[in-house]
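# Structural overview for review
Each chain, letter by letter, is given below.
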Amino acid sequence: MKIIVTDTYEEMGSVAAQVVEAQMEAKPDSILGLATGTTPISLYDTLTEDCKAGKISFADITTYNLDEYRGLPGTHDQSYRYFMDKYLFDRVDIDKSRTHLLDGTNPDADAECAAYEKELADAGYVDLQLLGLGHNGHIGFNEPADHFPVDTHLVDLTESTITANARLFDSVEDVPTQAYTMGIGTCMKARKILLVANGANKARIVRDSFQGPVVPQVPASILQLHADVTVVVDKEAGSLLDL
């Protein structure tokens, strides 16, 4: 595991973008696993700028997103399809038919999750998986539990996750209570993993995830067992790390 601590949030995004761009340059038809949330926005801004400058191209890239709220259509302004279109897909030269997200409107959780997992398996899983980090250590929407979920599945969101995401909705009551998400096992099948985190409120969970025991109560701790992980955090998020 490689841990990089940057001075600022903007530098975090720039350094993380270099990791993604190196993958794209080495393999122009890479399969990228993508994440949402406020943390990767600076990363997506850098990718957008470099694409517009002609430094990189998404023309042959395929993407699979980690997760989606159950019950939200892609046109909802808090759906992850909407987020990805706004912050990346509508800004770069990607073929949208090659961008894949779980369908939050499919009421058949088992069918939706099984189909997405099969699609990932048929594609050979992803070359580089981008992850954020929840305050409770979740990656994707894999919440703290007594085991590490293997495949794509339906998850009941914890109160802490719902509360953390409420800032993006009109009220906490509007936050969906369930989501479809890639499993921990699905994420671990990625050939490379890139995790980004920022802010002092992430310092404890960054330390627990990457310098604590590997336990399912801290889902991100499983990344310690992956062969190729790069963690990029700003100095606030990395303040408790023993480097």
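We now turn to the structure provided with this report. Please read these numbers as outputs of a predicted model, since none were measured by experiment. (Residues numbered from 1 in each chain as written. Predicted model: local features only at pLDDT ≥ 70, side-chain atom pairs only at ≥ 80, totals over all residues. Heavy atoms only, no water.)

### Focus on the environment of Lys192
- Following the sequence through the fold, Lys192 ends up in strand E9 (residues 192–197).
- Through-space distance from the C-alpha of Lys192 to that of Leu128 is 4.6 Å; in sequence the pair is 64 residues apart.
- In this view, Lys192 contacts Gln23, Asp127, Leu128, Gln129, His226 and Asp228; residues no more than four positions away in its chain are not counted. (Helix = DSSP H or I, 4+ residues; strand = E, 2+ residues; numbered from the N terminus. Contact = heavy atoms within 4.5 Å.)

### Thoughts on the side chain of Thr48
- Mapped onto the fold, Thr48 is located in helix H2 (residues 41–52).
- With a relative accessible area of 1%, Thr48 lands in the buried category.
- Here Tyr44 takes part through its backbone oxygen, which lies 2.8 Å from a polar atom of the side chain of Thr48.
- If we skip the residues at most four places from it in the chain, Thr48 touches Tyr87, Leu88, Arg91 and Val92. (Buried < 20%, exposed > 50% of the residue type's maximum accessible area, 1.4 Å probe, protein only. Polar contact = N/O pair within 3.5 Å; in protein donor to acceptor, adjacent residues only side chain to side chain.)

### Structural notes on the sheet that holds strand E5 (residues 99–100)
- Reading across the sheet, the 7 strands line up as E1-E10-E9-E6-E2-E3-E5 and stay open at both edges, with parallel pairing between neighbours. Looking along the sheet, the strands with just one partner apiece sit at the ends: strand E1 (2–6) and E5.
- Taken together, the 2 bridges between strand E2 (residues 31–34) and strand E6 (residues 128–131) define a ladder with parallel strand orientation. When the bridges of E6 are listed, Gly33 appears paired with Gln129. (Pairing = 2+ DSSP bridges.)

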